[in-house]
Structure formats: structure tokens, C-alpha cells
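Chain residues, written in single-letter form:
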Amino acid sequence: MEEITDGVSNIAIAGGDSQKKNRIQVSNTKKPLFFYVNLAKRYMQQHNEVELSALGMAISTVVSIAEILKNNGFAVEKKITTSTVEIRDESRGRPISKAKIEIVLGKTEKFDELMAAAAEERAAADVEEQS
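What you see is a predicted model; the values in this text were computed from it and never measured.

Visitor: Got a minute to help me understand the overall build of the protein chain in this structure?
Guide: Secondary structure summary: the protein chain contains 4 helices and 4 strands in total. The N-to-C order of helical and strand elements in the protein chain reads α-β-α-β-α-β-β-α. When contacts within the protein chain are restricted to residue pairs at least 6 apart in sequence, long-range pairs at least 24 apart make up 68% of them.

Given below as C-alpha cells:
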């Protein structure tokens, strides 16, 4: 879990006026899938909801993260937004349209119970390793 906490402080938060402390911008090249799943759980613990955001090819990664959290009983969908954004391509000198998705997830009623059970399992595994 320490590496997740380190990742929280190093993750880039979206710019602009609407800087949100509970937004995770997902890349499909920088971190493994379960880094984002665990990070989203941490954000939900702190803020009661998390916004997952991605562009282009990373969209499928965001959808997978959301589905893992929903199917394991940690999250419920609150809002899904799709759009296109213009990104300036310096090499070609013209703007490129990219697909964008934002998924807002909220905690389920069982979230805290599930997180406590997972923490107990980790503690039990640590005790077994030491003996």
C-alpha cells in the first residue's frame, strides 16, 4: 500500500480552473491496471467518489478499472461523459481530435466493510509470512 500512497502524491491532476483532488487521469502506458484500481479505492476512501479520466487508447483501461470496482462491490456509477478534445500535434502543426471519457464512481454502502475485510486479509497474510 505504501507504493499507492507514493503514487497519489506523484499523479498528475488535471489543469485548468477545475482542479479536482479526486480525479485520476489514466494512461495505458505508465502504470499497471491494478495501480489505478487501488488508487481509485484510496480516493474513494478520502473523497467518497472518484473521477476517472482518459483520452484515446486509454479509454478501455478506464472502463476496465470502473468495471472491476463495480463488479467487486466497491463502486457505483454516478456519471459517464464522453467528448472529443482538440490536441495540438507539434510534429504536424495541426490540431488532432481525440476521444475523451470521464467516469465518476461513488462508494457503495458495502465499501467500508469490503475495505476492512481486505485489510484484515492482508494483516493475516503478513502474520503467516513472518511465522
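Structure shown, so let's carry the discussion forward.
Visitor: So what exactly am I meant to see when it comes to the nonpolar core here?
Guide: Nonpolar side chains in soluble globular proteins tend to be buried together. Ranked by internal contacts, the top residues of the largest apolar core, which has 26 residues, are Ile24, Val50, Leu52, Leu69 and Leu105. By residue number, the principal contributor to this core is helix H2 (residues 33-47), which donates 7 residues. Beyond its immediate sequence surroundings of up to four residues, Val50 is in contact with Asn22, Ile24, Ala40, Tyr43, Met44, Ile103, Val104 and Leu105.

Visitor: Whenever I open this one, H2 confuses me. Can you help?
Guide: What sets the pattern is the α-helix's 3.6 residues per turn: residues three or four places apart point alike. If you check H2, its first and last C-alpha atoms are 21 Å apart, about what 15 residues at 1.5 Å a residue would give, namely 21 Å. Directly after H2, the chain includes Asn48, whose backbone phi takes a positive value near 70°.

Visitor: Mind showing me how you'd approach the sheet that holds strand S3 (residues 75-89) here?
Guide: Backbone hydrogen bonds are what pair the strands of a sheet, in a parallel or an antiparallel way. As summarised here, the arrangement of the 4 strands in space is S1-S2-S4-S3, forming an open sheet in which the pairing is mixed. With partners counted over all chains shown, the strands left at the sheet margins are strand S1 (23-25) and S3, one partner each. On average, adjacent strands in this sheet sit at an angle of 20° to one another, irrespective of strand direction. Bridge count between S3 and strand S4 (residues 94-107): 14 bridges; the pairing is antiparallel. Among the inter-strand pairings, Arg88 is bridged to a residue of S4, identified as Pro95.

Visitor: What is the right way to read the packing of aromatic side chains from this model?
Guide: Working definition: an aromatic ring pair is given by the centre-to-centre distance plus the angle between the planes. If you walk through the whole model with that rule in mind, you get 2 aromatic pairs. Ring geometry for Phe35 and Tyr36: centres 5.4 Å apart, planes at 80°, overall edge-to-face. By relative accessible area, Phe35 is classed as buried at 12%. With a relative accessible area of 2%, Tyr36 lands in the buried category. When the centroid spacing of 5.9 Å and the interplanar angle of 75° are considered together, the rings of Phe74 and Phe111 count as edge-to-face.

Visitor: Sorry if this is basic, but what is going on with unusual backbone geometry here?
Guide: Positive phi is not limited to glycine here, since Asn48 has a value of about 70°. Here Asn48 shows up in the loop between H2 and strand S2 (49-55).

Visitor: Would you take a moment to explain helix H3 (residues 59-71) for this structure?
Guide: Counted at 1.5 Å a residue, the expected span for H3 with its 13 residues is 18 Å, and the 18 Å between its end C-alpha atoms agrees. Three or more residues of H3 are buried, namely Ile59, Thr61, Val62, Ile65, Ala66, Ile68 and Leu69. Next to the buried residues of H3 lie H2, S2, S3 and S4.

Visitor: Sorry, what's going on with the confidence of the model for the protein chain here?
Guide: Interpretation of the predicted coordinates at a detailed level should be avoided for regions scoring low in pLDDT. In this model, the protein chain carries a mean pLDDT of 84, and residues with pLDDT of at least 70 account for 85%. Across residues 1-17 the pLDDT falls below 50, and counting only partners more than four positions away or on other chains, this stretch makes 24 contacts in the model.

What counts, and where the lines are drawn
Residues numbered from 1 in each chain as written. Predicted model: local features only at pLDDT ≥ 70, side-chain atom pairs only at ≥ 80, totals over all residues. Heavy atoms only, no water. Helix = DSSP H or I, 4+ residues; strand = E, 2+ residues; numbered from the N terminus. Contact = heavy atoms within 4.5 Å. Core = buried A, V, L, I, M, F, W, Y, C linked by side-chain atoms within 4.5 Å. Buried < 20%, exposed > 50% of the residue type's maximum accessible area, 1.4 Å probe, protein only. Expected span 1.5 Å × (residues − 1). Pairing = 2+ DSSP bridges. Axes fitted to C-alpha atoms, helices over the stretch in contact; angles between N-to-C directions. Phe/Tyr/Trp six-rings, centres within 6.5 Å; stacked < 30°, edge-to-face > 60°. pLDDT = per-residue confidence, 0-100.

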